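The residues making up each chain are set out below.
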Amino acid sequence: MRLFKTGIICLLTLGVMDAYAEEKLTGTVIGTKACVDYANTSKSTTTVNTCANAFDGNLDTFFASWERSYTWAGLDLGSPHVITRVGWSPRNDSQGEGRVVLGVFEGANSPDFMDALPLYLIDERGKIGTISYADVICSRGFRYVRYVGPGDARCNIAELEFYGYPGEGDDTRLYQVTNLPTVSIHTLNGEIPYDKVHQIVSQLTIISDGGTKLLSEPGTTRERGNASRGFPKKPYRIKFDKKQQVLDAPGKAKKWTLINNYGDKTLMRNLLAFELSRRLGMPYTPYGTAVDVLLNGEYKGCYQLCDQVQVQKNRVNITEMTSSDNEGTALTGGYFFEIDAYADQEKSWFRSNNRTPVTIKSPEEDSITTQQKNYIRAHFNKMESQWETYLDKNTFLRHFLVGELSGNTDTYWSVFMYKERDDDMIYTGPVWDFDLAFNNDNRTYPVNNKSDYIYRSGGSTTGNMRSFVDNIVINNADAKAQMLAIWDEARRGGMTEESLVAWIDNMETDLDQSQRLNFLRWPMMNQYVHQNPKLWGSYQAEVENVRRFMKERLVWMDKRLGYDYQAAIATVTVDLARAYQVFTLSGQPCGTSLDNLRPGIYLVRQGENTKKIIVR
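Rules and cut-offs
- Residues numbered from 1 in each chain as written.
- Predicted model: local features only at pLDDT ≥ 70, side-chain atom pairs only at ≥ 80, totals over all residues.
- Heavy atoms only, no water.
- Helix = DSSP H or I, 4+ residues; strand = E, 2+ residues; numbered from the N terminus.
- Rg over C-alpha atoms; globule rule 2.2 N^0.38 Å.
- Contact = heavy atoms within 4.5 Å.
- Areas by Shrake-Rupley, 256 points an atom, 1.4 Å probe, with all protein chains shown as cover.
- Pairing = 2+ DSSP bridges.
- Axes fitted to C-alpha atoms, helices over the stretch in contact; angles between N-to-C directions.
- Phe/Tyr/Trp six-rings, centres within 6.5 Å; stacked < 30°, edge-to-face > 60°.
- Buried < 20%, exposed > 50% of the residue type's maximum accessible area, 1.4 Å probe, protein only.
- Salt bridge = Lys/Arg side-chain N within 4 Å of Asp/Glu carboxyl O.

Q: Now, about the overall build of the chain: what can you tell me, with residues and values included?
A: Along the chain, the regular secondary structure elements total eleven helices and 26 strands. For the chain, whose C-alpha radius of gyration is 28 Å, the value lies close to the compact-globule estimate of 25 Å for 616 residues. Taken along the three principal axes of its C-alpha coordinates, the chain extends 85 × 65 × 45 Å. Of all intrachain contacts in the chain linking residues separated by at least 6 positions in sequence, the fraction that spans at least 24 positions is 70%. For the chain, the accessible surface area stands at approximately 25600 Å², while carbon and sulfur atoms represent 46% of it.

Rendered as structure tokens:
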């Protein structure tokens with residue numbers, strides 16, 4: 001049996017076993033009522049194949065629910081017990097052994113299981129006629145315990161056993177599905193999110209740091225996304241009732257996203273793009289980290305927990321408008337909007353004079369006034385026609401380079417932009433949506449064989465965006481020179497083949513346990529999904545495709561930009577025996593020593609000479 005345990009956890013378990021007498025637990029059987037009667041043309045029943053069969057000690061009987069997913073069998077123990085071990089045996093039929101894979105054990109102290117925590121996830125096939133056992137690493141005591149069958153399995157379990165001892169326990173050690181944080185969502189009455197509008201009352205739980213850290217707060221859950229909502233593995237937006245600091249995110253917020261990454265079999269493309277965004281100096285890069293997700297006890301897969309991109313201090317940091325900001329300086333911002341191919345599906349949107357569709361994100365659709373909508377439409381039109389005056393080229397060009405370096409087909413299908421109060425400039429960012437990037441789109445694969453930028457070579461653009469981008473990065477000499485300077489800054493600052501490959505290698509290691517479970521839940525590694533251009537055959541081969549692309553793309557970008565990386569990294573020496581001063585590229589002083597500086601590019605002033613140096 002594969003168990004994700006450390007030596008410390010094993011010692012804790014032994015200590016518990018020494019102090020308490022483990023016993024097989026009994027109680028009142030609880031669980032899903034509607035069952036299936038296979039012997040009677042598979043009709044619904046409440047008297048045949050019920051959840052009581054899972055606790056009758058007979059391996060030849062079984063529980064089989066009528067509904068195919070989110071069904072369960074469990075016990076009311078009458079009082080809290082710390083669970084130390086669970087046992088299970090699959091139904092005795094041709095599919096039984098496989099039906100237990102990804103089954104989840106949970107414990108709760110509320111009969112509706114809204115406060116449930118995971119106890120164990122089965123990650124291997126069962127064995128008919130035998131009860132398999134696993135140690136449980138969870139120090140909290142529970143009155144209610146249950147087994148939730150994997151998706152589309154009708155639960156189908158022959159026998160279940162729970163072992164433990166009486167006690168309320170504590171939260172010193174909880175169960176994580178893998179080395180990644182576990183996000184567990186429980187919804188009121190078990191209602192499953194079904195659209196982007198209705199927010200389902202939820203308890204939102206995140207277990208991290210090896211099971212030693214717990215965040216569990218009330219909130220809501222709904223679906224999110226556009227095309228991604230059409231996949232079997234659904235994306236979600238979670239919203240806490242109060243702002244929370246989630247994991248190592250830089251700030252508190254209510255709203256967070258769970259990106260499904262269904263068509264991205266590396267499960268890392270968005271996170272890699274965020275890394276490129278940081279290295280290319282975007283003012284704000286969304287927070288993101290890989291997690292395992294459970295919904296009402298059912299394992300849903302490996303997701304990316306990420307910022308909800310919105311107006312907020314630690315996100316899009318502009319003035320948040322109110323419905324009274326309708327004249328003067330107050331009317332000028334801030335506005336957050338998106339050039340959006342799907343804008344006509346939203347309530348608050350407009351089409352520019354150049355036929356570019358734009359969704360207004362903030363002010364939000366239920367509070368934006370007519371004056372505000374008219375203002376941002378007029379200002380966007382002015383920016384499109386007079387971009388040299390009203391478009392911030394710095395953020396636009398950095399955003400462009402992230403899109404091209406990643407080979408993102410969708411860069412100009414969806415573009416976030418914003419405008420601050422009392423500032424005429426329109427800024428670009430943050431970057432978003434890279435599931436088709438890094439050689440993952442059959443319409444543009446192989447990206448590095450193209451002689452021109454991807455947005456001009458089969459990339460998806462909406463409205464007038466192709467000619468708009470051409471005017472800047474192709475036809476404007478000043479913008480091209482500025483873009484080359486940004487690229488030089490990033491390359492000198494450590495954006496190298498070695499460092500990017502190391503990042504991919506580390507992420508591959510971090511994702512290894514979770515990707516295994518994800519592709520048990522969604523067995524499509526050898527299926528074409530979304531716009532996959534090729535079947536690579538394994539997770540390792542999928543990652544190697546990205547690694548190879550990244551190596552080749554750096555060379556491609558150097559050539560397309562006319563940049564000589566080797567010449568740019570020529571060694572520059574500093575006479576350490578003479579006094580000197582160190583500054584950032586923006587002129588901020590960094591002291592009088594090169595020691596202990598973070599990697600990057602700096603200016604060194606020594607006498608009348610100033611040199612640009614790279615610190616690695």
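Q: Before we move on, can you summarise the sheet that holds strand 11 (residues 182–187) with the specific residues and values?
A: Strand order around the closed barrel formed by seven strands is 11-12-13-14-15-17-16, with mixed pairing between neighbours. Averaged over all pairs of adjacent strands, the angle between strand axes in this sheet comes to 35°, irrespective of strand direction. Note that strand 12 (residues 200–208) and strand 13 (residues 213–223) share nine bridges and pair antiparallel. Note on strand 13: the bridge partner recorded for Ser202 is Gly219. Packing against the sheet, helix 9 (residues 497–521) makes contact with strand 16 (288–295) and strand 17 (298–307), and its axis sits at approximately 130° to strand 17.

Q: Please give an account of the packing of aromatic side chains that cites residues and values.
A: Scanning the model with the defined rule gives 30 aromatic pairs in all. Each ring, one from Phe438 and one from Phe549, has its centre 6.0 Å from the other, and the planes form 85°; the classification is edge-to-face. With a gap of 111 residues between them, Phe438 in the loop between strand 22 (427–428) and helix 7 (465–473) and Phe549 in helix 10 (residues 539–561) connect regions that are remote in the sequence. Accessibility expressed as a relative area gives 0% for Phe438, which makes it buried. Of the residues examined, Phe549 reaches a relative accessible area of 1% and is grouped as buried. On the basis of an interplanar angle of 45° and a centroid distance of 6.4 Å, the ring pair of Phe519 and Tyr539 is categorised as tilted. Of this pair, Phe519 sits in helix 9 while Tyr539 sits in helix 10, and the two are 20 residues apart along the sequence.

Q: Could you give an account of the sheet that holds strand 22, with specific residues and numbers?
A: With antiparallel pairing, the five strands of this open sheet are ordered in space as 19-20-18-21-22. Only two strands of the sheet have a single partner each, and these edge strands are strand 19 (349–351) and strand 22. As paired elements, strand 18 (residues 335–340) and strand 21 (residues 414–419) share six bridges and run antiparallel to each other. Looking at the pairing, Tyr335 lines up with Lys419 of strand 21.

Q: Could you give an account of unusual backbone geometry, with specific residues and numbers?
A: In this structure, Pro363 follows Ser362 across a cis peptide bond, with omega equal to 5°. Structurally, the position occupied by Pro363 is in the loop between strand 20 (357–362) and helix 4 (370–385). Omega for the peptide link from Gly429 to Pro430 comes to 0°, which places this bond in the cis form. Mapped onto the secondary structure, Pro430 falls in the loop between strand 22 and helix 7. With a phi close to 50°, Thr41 is a non-glycine residue in the positive phi region. Here Thr41 shows up in the loop between strand 3 (35–37) and strand 4 (43–45). Thr41 gets classed as exposed once you look at its relative accessible area, which sits at 66%. Backbone geometry places His530, a non-glycine residue, at a positive phi of 55°. Residue classification places His530 among the partly exposed residues on the basis of a relative accessible area of 32%.

Q: Help me get a handle on the pairing of strand 10 (residues 157–166), residues and values and all.
A: Burial of strand 10 is extensive: nine of the ten residues sit out of reach of the surface. Note: strand 1 (residues 23–24) against strand 10, two bridges, orientation antiparallel. Looking at strand 10, one finds that Lys24 is bridged to Tyr163. Pairing analysis gives nine bridges linking strand 5 (residues 72–90) to strand 10, with the strands arranged antiparallel. Across the sheet, the residue bridging to Val82 is Tyr165, located in strand 10.

Q: Got a sec to walk through the environment of Met557? Specific residues and values, please.
A: Relative to the elements of secondary structure, Met557 occurs in helix 10. Residues Met557 and Trp387, 170 residues apart in the sequence, show an inter-C-alpha distance of 25 Å. When sequence neighbours within four positions are dropped, the list of residues in contact with Met557 reads Leu401, Glu404, Leu405 and Trp487.

Q: I'd like a description of the pattern of salt bridges, backed by residues and values.
A: Under the criterion given, the structure shown has 33 salt bridges. The partner of Glu298 in a salt bridge is Lys300, and the shortest N-O contact between them spans 3.3 Å. Judged by relative accessible area, which is 6%, Lys300 ranks as buried. Arg398 is the partner of Glu489 in a salt bridge, and the nearest nitrogen-oxygen pair spans 3.3 Å.

Keep in mind these numbers describe shape, not what the thing actually does.
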